[in-house]
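Chains, contacts and geometry: an overview
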Amino acid sequence: MKKTLPSRSNFDSLRVRLLVLVLLAIVPPVILTVYGAWKERQQAIRMAEDNLQQLTQLAATSEARSIEGARQLLTVLSVIPELRGDAKTCGQFLGTILKKNEGYVNFGVAQLNGDVSCSALPLAEKTNLGDRPHFKRTVQDKTFSTGDYIMGRTVRKHTINLMYPIVGNGGDVQAVIFAALDLSVLDRFVSDIELPAGAVLVTADSNGTIIARRPNPEKWIGTRTPPSLFDVMIKVGFGTSALTDADGVTRLHAFAPVGTNNISNFKVSIGIPMDDIVAPANHLQMMELTTLAVIALLALIAAWFVGDVIILRRVKALVRTADQLAGGNLNARTGIKYGKEEISQLARAFDSMASSLQEHEAEREQSKAILFAEKERAQVTLESIADAVITTDKSGNIEYMNPVAENLTGWSKTEAEGLPSTRVFKIINGHTREPVPNPVELVFEQQTNVELIKDTVLLSRNGNEYAVEDSAAPIRDRDGKIIGVVLVFHDVSDSRKLAIQLSHQAAHDPLTGLFNRREFERRLEVAIDTLALQSKQHALLYMDLDQFKIVNDTCGHSAGDELLRQITALLQPLVRDSDTLARLGGDEFGAFLENCTPDSAVRIAEKLRQTICDFHFVWQDKIFPIGVSIGLVNFNSDALSLPDLLSAADAACYIAKDTGRNRVHIYRAEDHQLAQNQGEIKWNERIQKAFENDGFCLYSQEIVNIRRDNGSFFFDELRLYMTDDAGRLIPTTAFIPAAERYHYMPTIDRWVIRTVFAQQAASLLKSDGDLHVLLIKISGSSLDDETFIDFVREQFIHFALPYDSICFAIAETTAITNLTRALSFIDTLKPLGCRFALDDFGSGMSSFTYLKHLDVDFLKIDGGYIQGMENDPVDFAKIEAIQHISNVMGIKTIAPNVDSDAILKKLRSIGISYVQGSALHAKKPFYPPLDGK
């Protein structure tokens with residue numbers, strides 16, 4: 001059957017590849033031909049450069065001669081006496097000179113201030129040359145100078161000014177003689193030079209203005225030289241360069257200066273079209289390439305027919321067999337069984353491959369079955385996991401969603417397939433409500449794994465909103481190219497609500513809901529720092545209830561807590577929205593009045609005082625009048641630090657109490673001295689003195705095990721005291737508030753730990769093996785110190801102290817307000833063996849709520865409940881509830897303040913684990929036990 005043209009001209013065929021080999025054989029001669037022509041062109045360019053450089057130098061020399069002639073003329077004229085006469089005589093003389101010298105349009109004399117005093121031509125107006133650079137150069141250097149292009153004001157011709165100094169007998173310059181040279185004369189010198197066809201000659205002054213040109217000088221003189229040409233003229237000076245001119249023609253330019261620097265700053269350029277230079281070489285190259293093309297055509301025709309007879313027939317047999325195998329006919333064979341050349345060997349190998357395909361077909365079917373089973377298992381896994389999973393294709397369109405993803409997005413898998421992920425997975429920022437970048441799109445942009453930003457909310461199709469956290473990762477093929485994205489996310493609404501709640505608790509007092517001391521001090525410190533940048537007027541109120549202790553002692557903690565809540569309700573409406581009201585501890589409140597004038601601060605303070613004074617607290621059948629003492633500090637600079645400011649407010653509050661209570665006292669500088677004399681406010685100095693004079697000491701009190709199932713070890717609690725000048729013990733309740741206020745607690749806690757660890761290590765070396773556990777209290781300030789955990793671990797290592805010999809106690813209110821820090825402290829040291837106790841348990845409003853989040857070993861019940869349980873059934877019931885919850889959670893209880901046998905008996909009946917108090921053991925100085933106890 002006759003073959004059609006398309007089959008013969010298939011450019012992927014073997015025949016074409018043979019032809020390509022023939023063409024490749026022609027490539028070396030072609031390359032040599034092109035290279036030879038290139039060498040010819042380079043030779044032609046070099047010759048043209050030499051000739052062009054000589055021609056340019058000739059033009060520059062011609063123009064320099066015309067300027068040199070002018071210099072010589074001015075040199076002669078500068079000594080003529082007539083130039084020093086009056087303006088009329090001078091002008092007549094210069095007029096005569098102008099008539100005798102063709103090519104000049106004017107002569108004149110200028111005084112040293114630049115005014116033209118005489119001129120060959122009458123001047124229409126007063127002329128001053130003082131601002132011209134060449135005039136200044138002539139006066140300064142006392143030498144000849146050439147000016148740049150100007151249009152003559154009187155004669156209206158293209159000119160350049162030439163100047164020469166008129167020097168007196170003493171050698172000083174008295175005036176300057178100038179000549180205006182008509183540029184047509186300069187151009188006439190150039191016209192005598194025979195330029196090649198298509199050549200362009202340009203002479204430019206130092207500003208790039210054309211002062212001579214061939215051809216068409218009348219069109220170009222006075223215009224600007226193209227920037228590209230002028231830049232090279234300045235940089236090269238003397239040489240050649242190829243440039244594309246403004247007319248679009250690429251020319252080889254040669255450059256030369258017009259004379260030396262003392263003659264002019266002019267540059268000359270002559271350019272010849274590059275095409276004219278290389279035209280002979282290009283013609284020769286075209287002739288040689290044409291000859292090679294004819295030879296190549298003949299070789300291709302011969303290869304066409306020879307390849308068809310010798311090679312193509314066998315190759316077609318291979319192709320035909322391959323088509324049959326591709327169609328599923330594994331019995332097809334080439335039929336080529338003889339021959340030793342490569343194609344015959346390939347045919348026999350091809351037949352062998354077909355036989356192997358038949359053998360492996362069964363194995364392939366089995367592999368398909370295994371792959372299907374694996375896919376089913378993966379599908380079941382994705383359907384069963386708790387996280388939502390979405391996969392997309394390489395365009396970001398959804399391919400798969402598991403049931404969790406369907407539930408959260410509100411889209412079924414069938415509805416979502418093929419839709420863009422941005423339409424199904426709609427997310428916004430939970431605070432700003434602004435759209436959040438889609439993680440699938442971020443994966444395609446960044447080519448790596450991404451995670452959602454914090455506070456992301458998923459908008460479900462059904463209108464629900466879910467706080468979500470997610471990650472997205474690229475799906476890659478074997479070559480590493482991204483073919484899709486897998487998006488995994490889960491609902492974190494509950495945990496995020498808890499985090500918000502914990503954040504609120506960290507900054508608020510759990511009893512009153514007001515800001516706590518830490519947040520109050522933080523805001524106050526920010527305001528102090530801001531005053532360094534912008535001065536504002538602020539006020540600080542320090543409030544101390546006058547009758548709170550009477551209510552607390554008479555009616556118990558419950559009444560005191562209720563009083564604080566009611567006082568809070570009274571105070572909150574009286575402060576502005578911009579103000580910060582906080583409970584600083586006990587019955588102390590603080591108010592930070594931002595942007596408040598002293599007069600306004602006094603009015604607000606008086607309003608607060610009067611409101612509390614008018615309030616009467618009612619508890620059961622008792623009525624208590626309440627008052628408040630307020631210390632007021634006005635400040636408008638950062639001169640006072642935070643401790644200084646708090647100390648000043650405390651001093652003012654003390655003065656208010658000391659002068660009769662229930663009043664407002666505005667702080668004055670002498671208040672600190674008064675408070676110091678009364679011994680109430682200088683805890684800062686006293687604590688500092690205790691550090692310097694070793695004024696701290698530790699006492700221990702045994703914690704007794706009253707249940708047999710609690711395990712066997714010795715248990716002591718350590719209490720910190722400070723000694724005064726007389727050696728009397730000062731309890732912690734007296735100086736700890738001041739230590740916290742002046743930020744001494746981290747230092748005190750570190751002193752306690754170093755002291756206890758050292759004595760405990762010495763004690764364990766002398767013990768008989770019985771475990772002796774010491775309970776150490778940790779303050780909230782130390783928990784806030786990021787380096788405190790590392791310090792504790794370093795002390796354990798330094799003293800080689802067993803971790804299980806120490807029990808750390810954290811107050812319940814401290815743990816709640818510093819929950820994140822407390823959890824980190826416990827989670828770091830508890831796995832090492834340390835024990836933990838929650839101190840003053842029951843004093844907070846949410847004791848049981850947070851207990852499940854704190855992995856503690858002991859609950860040390862609030863001592864107020866222990867003291868009141870003998871007569872108050874409510875306190876007794878609270879202790880019973882605490883014991884019951886502790887049993888359920890596997891936590892041991894410790895009851896402090898056990899000062900009578902009756903209380904001890906009641907505690908035994910409840911099932912309390914450990915007790916502590918004067919009814920069992922008195923406190924004693926802490927020292928290392930000598931006999932293992």
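Everything below is about the structure shown above.
The text that follows walks through the structure, step by step, so that each part is easy to find. Remember, it's a predicted structure, so these values are computed and weren't measured experimentally.

**Some remarks on the packing of helix α25 (residues 788-799) against helix α27 (residues 819-829)**
At a minimum axis distance of 11 Å, the contact between α25 and α27 shows a crossing angle of 25°. The angle between α25 and α27 places the two elements in the roughly parallel class. Like other packed secondary-structure pairs, α25 and α27 cross with a definite hand, here right-handed. Residue-level inspection shows Phe 788, Ile 789, Val 792 and Arg 793 of α25 in contact with α27, the latter providing Ser 824, Phe 825, Thr 828 and Leu 829. Of the residues belonging to the contact of α25 with α27, the class tally is 5 nonpolar, 2 polar and 1 charged.

**Description of the packing of aromatic side chains**
A full pass over the atoms with the stated rule returns 20 aromatic pairs. Seen from their ring centres, Phe 757 and Phe 796 are 4.7 Å apart, and the 50° between their planes marks the pair as tilted. Of the two residues, Phe 757 is situated in helix α23 (residues 745-766) and Phe 796 in helix α25; the sequence distance between them amounts to 39 residues. The class for Phe 757 is buried, based on a relative accessible area of 0%. Taking relative accessible area as the criterion, Phe 796 reaches 1% and is therefore assigned buried. Ring geometry for Phe 808 against Phe 825: centres 5.5 Å apart, planes inclined by 70°, an arrangement best described as edge-to-face.

**Concerning the environment of Leu 907**
Structurally, Leu 907 can be placed in helix α31 (residues 901-910). C-alpha of Leu 907 to C-alpha of Ile 866: the two residues are 41 residues apart in sequence and 8.8 Å apart in space. Discounting residues that sit within four places of it in the chain, Leu 907 has contacts with Ile 866, Met 869, Ile 879, Ala 895, Val 898, Ile 912 and Val 915.

**Topic: the sheet that holds strand β19 (residues 580-585)**
Overall, mixed pairing links the 5 strands, which are arranged β19-β20-β18-β23-β24 in an open sheet. In this open sheet, the two strands that pair with only one neighbour each are β19 and β24 (664-666). Across the sheet, the mean angle separating the axes of adjacent strands is 20° when strand polarity is ignored. Taken together, the 3 bridges between strand β23 (residues 628-635) and β24 define a ladder with parallel strand orientation. Across the sheet, residue Gly 631 finds its bridge partner in β24, namely His 665. Sheet strands touched by helix α15 (residues 517-531): β18 (538-545), β19, β20 (588-593) and β23. Its angle to β20, the strand with the most contacts, is close to 30°. Docked against the sheet, helix α19 (residues 642-658) engages β18, β23 and β24, running at close to 140° with respect to β23.

**Some words on the nonpolar core**
Phe 808, Phe 825 and Leu 907 are the most contacted members of the largest nonpolar core, which has 72 residues in total. For Phe 808, the residues in contact, after removing those within four places along its chain, are Ile 753, Phe 757, Ile 776, Ile 778, Val 792, Phe 796, Phe 825, Leu 829, Cys 834, Arg 835, Phe 836 and Ala 837. Listed in part, the 53 residues of the second largest apolar core include Leu 55, Cys 118, Tyr 164 and Ala 175.

**Quick word on a nonpolar patch on the surface**
A contiguous nonpolar patch, built from Val 20, Leu 21, Leu 24, Val 27 and Ile 31 and spanning about 440 Å² of accessible area, is present on the exposed surface. Within the secondary structure, Val 20 sits in helix α2 (residues 14-77).

**A word on the environment of Ile 221**
Mapped onto the fold, Ile 221 is located in the loop between α6 (217-220) and α7 (227-236). For the pair Ile 221 and Tyr 149, spaced 72 residues apart in sequence, the C-alpha to C-alpha distance is 9.2 Å. Filtering out sequence-adjacent residues up to four positions away, Ile 221 remains in contact with Tyr 149, His 158, Leu 183, Ile 210, Ile 211, Ala 212 and Arg 213.

**With respect to unusual backbone geometry**
One non-glycine residue, Asn 595, lies in the positive phi region at around 55°. Turning to its location among the elements, Asn 595 is positioned in the loop between β20 and α18 (598-614). Residue Asn 595 is classed as partly exposed on the basis of its relative accessible area of 43%. Phi angles above zero are rare outside glycine, and Asp 840 is one such case at about 55°. Here Asp 840 lies in strand β31 (residues 835-841).

**Re helix α17 (residues 557-571)**
The terminal C-alpha atoms of α17, which comprises 15 residues, lie 21 Å apart, in line with the 21 Å expected from a rise of 1.5 Å per residue. By the burial criterion, the buried members of α17 are Ala 559, Gly 560, Leu 563, Leu 564, Ile 567, Thr 568 and Leu 571.

**Let's talk about the sheet that holds strand β7 (residues 210-214)**
The strand order across the open sheet formed by 5 strands is β7-β6-β10-β9-β8, and the pairing between neighbours is antiparallel. A single partner strand is all that each edge strand has here, and the edge strands are β7 and β8 (239-244). Averaged over all adjacent pairs, the angle separating strand axes in this sheet is 20°, with direction ignored. Sheet topology places strand β9 (residues 250-257) next to strand β10 (residues 267-273); 7 bridges connect them, and they run antiparallel. Looking at β10, one finds that Leu 252 is bridged to Ile 272.

**Overview of the pairing of strand β4 (residues 158-167)**
Each regular strand displays side chains that alternate between the two surfaces of the sheet. Among the 10 residues of β4, 8 are classified as buried, and the element is accordingly described as predominantly covered. Sheet topology places strand β3 (residues 145-151) next to β4; 5 bridges connect them, and they run antiparallel. The partner of Thr 146 across the bridge, within β4, is Leu 162. Direction of pairing for β4 relative to strand β5 (residues 173-182): antiparallel, over a ladder of 9 bridges. Bridge pairing in β5 links Leu 162 to Ala 179. Hairpin connection between β4 and β5: a loop of 5 residues separates the two successive antiparallel strands, and Gly 171 in this loop has a positive phi of roughly 90°.

**Remarks on the packing of α23 against α25**
Direction vectors running N to C along α23 and α25 enclose 20°, while the axes themselves pass 10 Å from each other. By the angle between their directions, the pair α23 and α25 is classed as roughly parallel. The hand of the α23/α25 crossing is right-handed. Together, Asp 749, Arg 750, Ile 753, Arg 754, Phe 757, Ala 758 and Ala 761 of α23 and Phe 788, Phe 791, Val 792, Gln 795, Phe 796 and Phe 799 of α25 make up the contact between the two elements. Residues belonging to the contact of α23 with α25 are distributed by class as follows: 9 nonpolar, 1 polar and 3 charged.

The rules behind these values
- Residues numbered from 1 in each chain as written.
- Predicted model: local features only at pLDDT ≥ 70, side-chain atom pairs only at ≥ 80, totals over all residues.
- Heavy atoms only, no water.
- Axes fitted to C-alpha atoms, helices over the stretch in contact; angles between N-to-C directions.
- Helix = DSSP H or I, 4+ residues; strand = E, 2+ residues; numbered from the N terminus.
- Parallel < 35°, antiparallel > 145°, perpendicular 65-115°, else oblique.
- Left-handed = near helix turned anticlockwise from the far one by under 90°.
- Contact = heavy atoms within 4.5 Å.
- Nonpolar A, V, L, I, M, F, W, Y, C, P; charged D, E, K, R; others polar.
- Phe/Tyr/Trp six-rings, centres within 6.5 Å; stacked < 30°, edge-to-face > 60°.
- Buried < 20%, exposed > 50% of the residue type's maximum accessible area, 1.4 Å probe, protein only.
- Pairing = 2+ DSSP bridges.
- Core = buried A, V, L, I, M, F, W, Y, C linked by side-chain atoms within 4.5 Å.
- Patch = residues over 30% accessible without salt bridge, like charges linked within 9 Å, V, L, I, M, F, W, Y side chains within 5 Å.
- Areas by Shrake-Rupley, 256 points an atom, 1.4 Å probe, with all protein chains shown as cover.
- Salt bridge = Lys/Arg side-chain N within 4 Å of Asp/Glu carboxyl O.
- Expected span 1.5 Å × (residues − 1).

Fair warning: the whole summary comes from geometry, so function is off the table for now.
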